[in-house]
Amino acid sequence: MNILLVEDDAALAQATAEVLRARGWRVDVSAAGEPVPRSVRQDDYDVLVLDIGLPGIDGLEVLRRVRAQGSHLPVLMLTARASIEDRVLGLETGADDYLVKPFAVPELLARLRALVRRHEFRRGGALALGRLRFDGGARRAFIGDAPLRLTARESVVLEYLLQQIGHIVARERLISQIADWNAAASNNALDLLISRLRAKIAPAGVRLRPVRGLGYMIEAGVAA
Ligand code: CA
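Here is a short report on the structure shown in this document. Worth saying up front: this structure is predicted, and the values here are computed from it rather than measured.

**Some thoughts on the sheet that holds strand S5 (residues 97–100)**
Alright, step 1. A sheet is described by the order of its strands in space; here five strands give the open sequence S2-S1-S3-S4-S5, paired in parallel fashion. Both outer strands of the open sheet, strand S2 (26–30) and S5, are each paired with one neighbouring strand and no more. This sheet shows a mean twist of 20° between the axes of neighbouring strands, independent of strand direction.
Alright, step 2. Inspection of the sheet shows strand S3 (residues 47–51) paired to strand S4 (residues 75–79) by four bridges, in the parallel sense. Bridge assignment links Asp51 to a residue of S4, and that residue is Leu78.
Alright, step 3. Packed onto the sheet, helix H1 (residues 10–22) meets strand S1 (2–6) and S2 and runs at close to 170° relative to S2.

Spelled out as structure tokens, the structure:
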């Protein structure tokens, strides 16, 4: 795995790079955003970890430039504040996920693995559970051979859950997948979305099990 880490805090960049290298990832570090779009074009990175607060052009502008050249490289934004503005702007600009500093190393690793897994899945993988099948390339779901009609957000949440079969997915992770400008409504929005999605996938013999205080698990159940 090749990572480009863009972080101007030298101590944090070095510590993070060491942890990732110890796990066998190849890590290039850049302390500034300007060279990043060109590096992404020239090198074969699997993921970009991008701090928002950078000297010169900030992380959001770097991300805009990377996406403007047509790159679909998975991007994990780092932000010093849990501010909704940063988070929302990052996701709107084309980040795939974000992490608030200071972060725990296992959390960083989990996010990176999830990003890479999703990216690979969208290059043609498929996931199945019960009679439910999700085609990663087309990003469409089926029950048996029949296409399942999902909204864009339902599709994103279902894909995210299916990639973590056997694991509890935290509400916060799901909310970040559907975040929009109306962030205050996200908790309710997730509840509504989950209840609609649950009804749609029930005929496939798949259920979303709430795990109290933690989140949800997708699993094969009894067909409705
Ligand atoms: Ca910074």
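**Quick notes on unusual backbone geometry**
Alright, step 1. Omega for the peptide link from Lys101 to Pro102 comes to -5°, which places this bond in the cis form.
Alright, step 2. Its location among the elements puts Pro102 in the loop between S5 and helix H5 (105–121).
Alright, step 3. Non-glycine residue Arg139 carries a positive phi angle of around 55°.
Alright, step 4. Judged by relative accessible area, Arg139 falls into the partly exposed class, the value being 33%.

**Considerations on the coordination of the calcium ion**
Alright, step 1. Within the protein, the atoms that donate to the calcium ion are Asp8 (OD), Asp51 (OD) and Gly53 (O), at distances of 2.1 to 2.3 Å.
Alright, step 2. Summarised as a motif, the one-chain spacing of the donors to the calcium ion is D-x42-D-x1-G. Taken together, the residues Asp8 in the loop between S1 and H1 and Asp51 in strand S3 connect sequence positions 43 residues apart.

**So, the sheet that holds strand S9 (residues 146–148)**
Alright, step 1. Ordered in space as S6-S7-S8-S9, the four strands form an open sheet in which the pairing is antiparallel. What marks the edges here is a single partner per strand, and that holds for strand S6 (126–129) and S9. With direction set aside, neighbouring strand axes in the sheet form an average angle of 30°.
Alright, step 2. Two elements, strand S8 (residues 140–143) and S9, share three bridges in a ladder whose sense is antiparallel. Pairing of Phe142 across the sheet is with Pro147, part of S9.

**A closer look at the environment of Gln177**
Alright, step 1. Looking at the element boundaries, Gln177 is found in helix H7 (residues 171–178).
Alright, step 2. Taking the C-alpha atoms as reference points, Gln177 and Ser195, 18 residues apart in sequence, are found 16 Å from one another.
Alright, step 3. If we ignore the near neighbours within four places in the chain, the residues touching Gln177 are Asp96, Arg118, Val156 and Tyr160.

**Focus on the packing of helix H6 (residues 152–162) against H7**
Alright, step 1. Contact geometry of H6 with H7 gives a least axis separation of 9 Å together with a crossing angle of 140°. Between H6 and H7, the interaxial angle falls into the category oblique. For the crossing formed where H6 meets H7, the hand is right-handed. Of the residues in H7, those in contact with Arg153, Val156, Val157, Tyr160 and Leu161 of H6 are Arg173, Leu174, Gln177 and Ile178.

**Observations regarding the nonpolar core**
Alright, step 1. By size, the foremost hydrophobic cluster in this structure holds 26 residues, and its most contacted members are Leu132, Val157, Leu158, Leu161, Leu174, Ile201 and Ile218.
Alright, step 2. Breaking this core down by element, the ones donating at least two residues are strand S7 (132–135), S8, H6, H7, helix H8 (186–201), strand S11 (206–211) and strand S12 (215–220).
Alright, step 3. Those residues within four positions of Leu132 in sequence are excluded, and the remaining contacts are Leu127, Ala141, Phe142, Ile143, Leu148, Leu158, Leu162, Ile201, Ala204 and Val206.
Alright, step 4. Residues Leu4, Val6, Leu63 and Val66 belong to the second largest nonpolar core, which totals 21 residues.

**So, helix H3 (residues 59–68)**
Alright, step 1. Every buried residue of H3 is accounted for by Gly59, Leu60, Val62, Leu63 and Val66. Across the axial projection of H3, the buried residues extend over an arc of 155°, all falling on one side.
Alright, step 2. At the N-terminal end of H3, a side-chain oxygen is found 3.2 Å from the backbone nitrogen of Leu60, two or three residues along, and the residue is Asp58.
Alright, step 3. Directly after H3, the chain includes Gly70, whose backbone phi takes a positive value near 85°.

Analysis parameters
- Residues numbered from 1 in each chain as written.
- Predicted model: local features only at pLDDT ≥ 70, side-chain atom pairs only at ≥ 80, totals over all residues.
- Heavy atoms only, no water.
- Pairing = 2+ DSSP bridges.
- Helix = DSSP H or I, 4+ residues; strand = E, 2+ residues; numbered from the N terminus.
- Axes fitted to C-alpha atoms, helices over the stretch in contact; angles between N-to-C directions.
- Contact = heavy atoms within 4.5 Å.
- Buried < 20%, exposed > 50% of the residue type's maximum accessible area, 1.4 Å probe, protein only.
- Donors = N, O, S within 2.8 Å, 3.2 Å for Na, K, Ca; no water.
- Parallel < 35°, antiparallel > 145°, perpendicular 65-115°, else oblique.
- Left-handed = near helix turned anticlockwise from the far one by under 90°.
- Core = buried A, V, L, I, M, F, W, Y, C linked by side-chain atoms within 4.5 Å.
- Arc of directions from axis to C-beta.
- Polar contact = N/O pair within 3.5 Å; in protein donor to acceptor, adjacent residues only side chain to side chain.

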